[in-house]
Structure formats: C-alpha cells, structure tokens
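Inside the fold
Each chain is listed here by its residues.
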Amino acid sequence: MTPRGPVVLGIGARGGVRDEELDEAAQAAVALAGVEVDVVATVERRAAAVRALATRRGWELLLFRDDELAEMTTPNVVRLTGAPSVAEAAALRGAGPGATLLLTKKAFTSVTVAVATTG
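So, a few notes on the structure that sits alongside this text. Just so it is clear, the model here is predicted, and its values are computed rather than measured. (Residues numbered from 1 in each chain as written. Predicted model: local features only at pLDDT ≥ 70, side-chain atom pairs only at ≥ 80, totals over all residues. Heavy atoms only, no water.)

What to know about helix H1 (residues 19-33)
In plain terms, the rule: Strands are runs of DSSP state E lasting at least 2 residues, helices are runs of H or I lasting at least 4, and numbering of each runs from the N terminus. Between the first and last residue of a helix there are one fewer steps than residues, each counted as 1.5 Å, and that sum is the expected span. Under the scheme applied here, a residue whose accessible area is under 20% of the maximum for its type counts as buried, over 50% as exposed, and between as partly exposed, the area being computed with a 1.4 Å probe on protein chains only. Working note: the arc is built from the helix axis to C-beta atom directions. Contact criterion: two residues are considered in contact whenever any of their non-hydrogen atoms come within 4.5 Å of each other.
The end-to-end C-alpha distance of H1 is 21 Å, a good match for the 21 Å that 15 residues give at a rise of 1.5 Å each. Of all the residues in H1, the buried ones are Glu21, Leu22, Ala25, Ala26, Ala29, Val30 and Ala33. All buried residues of H1 lie within an arc of 160° about the axis, which places them on one face of the element. For H1, the exposed residues set more than 90 degrees away from the buried face come down to Glu24, Gln27 and Ala31. Looking at the buried positions of H1, the neighbouring elements they touch are strand S1 (8-13), helix H2 (47-57), strand S4 (100-107) and strand S5 (111-117). Phi turns positive, to about 70°, at Gly34, one or two residues after H1.

Following this line, the structure appears as structure tokens:
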C-alpha cells in the first residue's frame, strides 16, 4: 500500500517511560511498517515524553483525550478494561477517516506502538 495521507505512529506508554525506550520502539515500528512516519500521536497524559520524541525526530505531534481514543474501533483491546489500544487508537485517529493500520500494536517493555495511514 502506498500511503495517500499522513503516516501516523501511535504510541502508548507507561508513566515514567525513558527516552531510550521510546526511541527504540519508534525505530522498530518504522522498520516493521516499512514506511516513513510523518506524525506521532498519543494520549494527552503522555504529552511530555512523546513531545520530546517528536522533537528529536522532527515529527508533528497529535494529542488526544481518553474519550477521543475510546471512540475508535481497534483490533486489540485491553481485556480487563475494554479500553482500546492507545497506540492503535491514536494512530487511527491521527490518520483520519478511512485510516487503516499498517502495523498493529507491538508491545515493548514500557511502550506500545502502531502505525496507520489513509490510502
């Protein structure tokens, strides 16, 4: 698939995540998806950590409220809470209407990533 819209890296992370963990997860996601990322998206409460990643990589940053992400239908759902995967929901929401996942949620120690685009 050749993306027509922005390629969005969605990130979910635990509180206190280290910059190195974010960088490694982002690098892995880009390699696995085989695309260049334009935008990184996450939930507002992770703004500080992900903003630093976006700045280092030169990516636009999109932040979403919990309720905005809860509206998204994602393949992976946190079984205990029924909440959508933050990484998948943020990637899909950031890519816009008609978005599809190029990379479903991949989990690392403190970070989850997913990649979406419209195409």
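Points about the packing of H1 against H2
We apply this condition: Helix axes are fitted only over the stretch in contact, all axes being lines through C-alpha atoms; the angle between N-to-C directions runs from 0 to 180 degrees. Angle categories are assigned with fixed cut-offs, so that under 35 degrees is roughly parallel, over 145 is roughly antiparallel, 65 to 115 is roughly perpendicular, and the rest are oblique. Should the near helix be turned anticlockwise from the far one by less than a right angle, the crossing is termed left-handed; should it be turned clockwise, right-handed. Throughout, the ten residues Ala, Val, Leu, Ile, Met, Phe, Trp, Tyr, Cys and Pro are labelled nonpolar, Asp, Glu, Lys and Arg are labelled charged, and all others, Gly among them, are labelled polar.
In contact at an axis separation of 10 Å, H1 and H2 are set at 60° when each is read in the N-to-C sense. As far as their axial angle goes, H2 and H1 are oblique. Crossing of H1 over H2 shows right-handed handedness. Touching Asp19, Leu22, Asp23, Ala26 and Gln27 of H1 are Ala49, Val50, Ala52, Leu53, Arg56 and Arg57, all from H2. Each residue belonging to the contact of H1 with H2 can be placed in one class, and the counts come to six nonpolar, one polar and four charged.

Looking at the nonpolar core
Most often, soluble globular proteins have nonpolar side chains that are buried together. To keep things clear, this is the line we draw: What makes a nonpolar core is a set of buried Ala, Val, Leu, Ile, Met, Phe, Trp, Tyr and Cys residues whose side-chain atoms join them at distances within 4.5 Å.
Formed by 23 residues in total, the largest nonpolar core has its most connected members in Leu9, Ile11, Leu22, Val40, Trp59 and Val115. Only S1, H1, H2 and S5 provide two or more residues apiece to this core. Examining the composition of this core, we find that six residues originate from one element, H1, more than from any other. Core analysis: the next-biggest nonpolar cluster, separate from the first, contains 15 residues, Val8, Ala41, Ala87 and Ala91 among them.

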